[in-house]
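Next come the chains, spelled out residue by residue.
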Amino acid sequence: MKMNWTGAAHQLNKQGKAYVIATIVGVTGSTPRNSGTKMVITHDEIFDTVGGGHLEHKVIKHAHQLLVSGDECQQLEHFQLGAQLGQCCGGNASVLFESFKASGVNIMLFGAGHVGKALMPILAGLPCSITWVDSRIEQFPEDASHYHNVSTLVSEDPAEEVALMPANSYYIVMTHNHQLDFEISHNILKRADFAYLGLIASDTKWRRFQQRFQHRDIDKNLVNRMNCPIGLPQVQGKLPMEVAVSVAGEIIQLYQAELASQALVNPDANKQKDAKPQSTKQGIAWHELKNLITEEVS
């Protein structure tokens with residue numbers, strides 16, 4: 001049985017995944033659901049419903065836009081079910097979107113081959129959320145779903161799944177097909193917002209990819225940010241577990257360096273947590289929210 005929105009929010013918080021809570025905060029006329037109805041939307045799942053139909057389609061689409069931005073925010077949107085959405089209800093609904101960004105590191109691993117299978121248990125023990133992508137369902141081990149922070153994704157076009165990830169994600173590319181590796185890497189480079197892009201490749205493969213990126217007018221500085229050969233140079237070896245340990249070590253080194261850098265930029269962060277709250281305005285005050293709803297539905 002699929003979880004309701006409360007169970008989903010609890011589980012997503014434990015997993016450190018990004019999600020949006022959409023709440024109907026005001027209705028007039030005939031609407032699919034009443035005020036107070038909630039649903040939770042992630043990059044690839046929904047929990048509960050705000051009534052289905054075109055309204056819910058628009059709500060999910062807007063939530064996905066917030067998830068891609070990667071920011072925490074609150075937004076109030078108004079929907080006229082008749083004029084805007086073509087639903088026969090004819091009422092009005094105001095929906096509050098509350099976006100919660102992922103905690104820890106977001107990783108998308110492409111490839112469920114020998115190295116991918118060796119790498120996954122190591123990554124699953126880290127403070128990260130992992131989307132594991134392959135076009136071959138039979139390649140995923142049966143115990144993959146046992147990891148609380150791992151989601152497997154079977155896709156006929158893995159390169160298109162890059163669009164699901166928020167900004168500053170980590171990408172590991174090690175599929176069974178060189179052309180697929182190129183298409184995935186190309187889509188990641190086009191986004192230009194990755195924190196890490198590691199590609200498993202021989203010297204010959206890497207030189208060819210660099211030439212092809214140049215022909216596609218990809219910024220050379222972006223290509224230079226790729227980690228190829230993948231993994232720590234201090235960890236040698238070609239066995240799947242040796243490569244997996246090397247890649248995991250590189251990722252750990254990177255995110256620990258980022259945390260250290262953040263601490264240097266804001267050394268008083270912990271003190272600020274205990275400081276007296278300032279009067280800075282955040283979110284939407286209730287009287288403003290009430291006025292917005294009243295203006296929309298009057």
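Residues numbered from 1 in each chain as written. Predicted model: local features only at pLDDT ≥ 70, side-chain atom pairs only at ≥ 80, totals over all residues. Heavy atoms only, no water.

(A) Local environment of the environment of arginine 33. Following the sequence through the fold, arginine 33 ends up in the loop between β1 (19–28) and β2 (38–41). For arginine 33 and threonine 49, which are 16 residues apart along the polypeptide, the C-alpha to C-alpha distance reads 8.7 Å. If we skip the residues at most four places from it in the chain, arginine 33 touches Ile24, Val27, Thr49, Val50 and Gly51. (Helix = DSSP H or I, 4+ residues; strand = E, 2+ residues; numbered from the N terminus. Contact = heavy atoms within 4.5 Å.)

(B) Here's a closer look at the pairing of strand β6 (residues 105–110). Across the six residues that make up β6, a large majority, six, are buried. Covered by surrounding structure in β6 are Val105, Ile107 and Leu109 together with Asn106, Met108 and Phe110, the residues of both alternating faces. Examined bridge by bridge, β6 and strand β7 (residues 128–134) share six bridges and lie parallel to one another. Each bridged residue has a counterpart across the sheet, and for isoleucine 107 the counterpart in β7 is isoleucine 130. Of the crossover connections in this fold, the one passing from β6 over helix α3 (residues 114–124) to the parallel β7 is right-handed. Bridging between β6 and strand β9 (residues 170–173) involves four bridges; their strand directions are parallel. Paired with leucine 109 across the two strands is isoleucine 172, which belongs to β9. (Buried < 20%, exposed > 50% of the residue type's maximum accessible area, 1.4 Å probe, protein only. Pairing = 2+ DSSP bridges. Right-handed = clockwise from strand over helix to strand, strands pointing away.)

(C) Highlighting a nonpolar patch on the surface. Together, Val235, Met241 and Val245 give the surface a local cluster of nonpolar side chains, amounting to about 220 Å² of exposed area. Of the residues examined, valine 235 reaches a relative accessible area of 31% and is grouped as partly exposed. (Patch = residues over 30% accessible without salt bridge, like charges linked within 9 Å, V, L, I, M, F, W, Y side chains within 5 Å. Areas by Shrake-Rupley, 256 points an atom, 1.4 Å probe, with all protein chains shown as cover. Salt bridge = Lys/Arg side-chain N within 4 Å of Asp/Glu carboxyl O.)

(D) Fine view of the environment of methionine 39. On the secondary structure map, methionine 39 appears in strand β2. Of the residues examined, methionine 39 reaches a relative accessible area of 0% and is grouped as buried. Between the C-alpha atom of methionine 39 and that of isoleucine 21, which follows or precedes it by 18 residues, the distance is 5.8 Å. Not counting residues within four places of it along the chain, the set of residues in contact with methionine 39 comprises Trp5, Val20, Ile21, Ala22, Ile46, Phe47, Asp48, Thr49, Val50, Glu56, Val59 and Ile60.

(E) Broad picture of the nonpolar core. With 28 residues, the main nonpolar core has Ile107, Leu119, Leu123, Trp132, Ile172, Val247 and Ile251 as its most contacted residues. Within the residue set of this core, elements represented by two or more residues are β6, α3, β7, β9 and α7 (240–265). Those residues in contact with isoleucine 251 that lie beyond four places of it in its chain are Ile107, Leu123, Tyr170, Ile172 and Tyr196. Core analysis: the next-biggest nonpolar cluster, separate from the first, contains 25 residues, Val173, Ile184, Leu189 and Phe209 among them. (Core = buried A, V, L, I, M, F, W, Y, C linked by side-chain atoms within 4.5 Å.)

(F) Highlighting helix α4 (residues 178–191). The terminal C-alpha atoms of α4, which comprises 14 residues, lie 20 Å apart, in line with the 20 Å expected from a rise of 1.5 Å per residue. Buried within α4 are the following residues: Leu180, Asp181, Phe182, Ile184, Ser185, His186, Asn187, Ile188 and Leu189. Where α4 is buried, its residues touch β6, β9, β10 (196–199), α5 (203–215) and α6 (220–224). The residue sitting at the N-terminus of α4 and contributing the capping side-chain oxygen is asparagine 177; that oxygen lies 2.9 Å from the backbone nitrogen of glutamine 179. Just past α4, the residue alanine 192 takes up positive phi, approximately 60°. (Expected span 1.5 Å × (residues − 1). Polar contact = N/O pair within 3.5 Å; in protein donor to acceptor, adjacent residues only side chain to side chain.)

(G) Region of interest: the pattern of salt bridges. If you walk through the whole model with that rule in mind, you get three salt bridges. One salt bridge in this structure joins aspartate 181 and lysine 205, with 2.6 Å as the shortest N-O distance. Remark: lysine 205 occurs in helix α5 and aspartate 181 occurs in helix α4; sequence separation between them is 24 residues. Of the two residues examined, aspartate 181 and lysine 205, each falls in the buried class. Between aspartate 193 and arginine 191 there is a salt bridge, with its nearest N and O atoms 2.9 Å apart. Classification of aspartate 193 by relative accessible area gives partly exposed; the value is 23%. The class for arginine 191 is partly exposed, based on a relative accessible area of 23%.

(H) Just the sheet that holds strand β5 (residues 92–100), in detail. Reading across from one edge, β3-β2-β1-β5-β4 is the order of the five strands in this open sheet, with antiparallel pairing throughout. The sheet is open, and its two edges are formed by β3 (46–47) and β4 (73–80), each paired on a single side. Two elements, β4 and β5, share eight bridges in a ladder whose sense is antiparallel. Within β5, the position partnered with glutamine 75 by the bridge is phenylalanine 97. The sheet strands contacting helix α2 (residues 53–69) are β1, β2, β3, β4 and β5, and the helix crosses β2 at an angle near 45°. (Axes fitted to C-alpha atoms, helices over the stretch in contact; angles between N-to-C directions.)

(I) Quick look at the environment of lysine 17. Among the structural elements, lysine 17 can be located in the loop between α1 (5–15) and β1. Judged by its relative accessible area of 16%, lysine 17 falls in the buried class. Once the C-alpha coordinates of lysine 17 and phenylalanine 100 are considered, the two residues, 83 residues apart in sequence, prove to be 8.4 Å apart. If sequence neighbours within four positions are ignored, lysine 17 has contacts with Leu12, Lys101, Ala102, Ser129 and Ser151. Engagement of the side chain of lysine 17 in a polar contact is seen with the side chain of serine 151, the distance being 2.6 Å.

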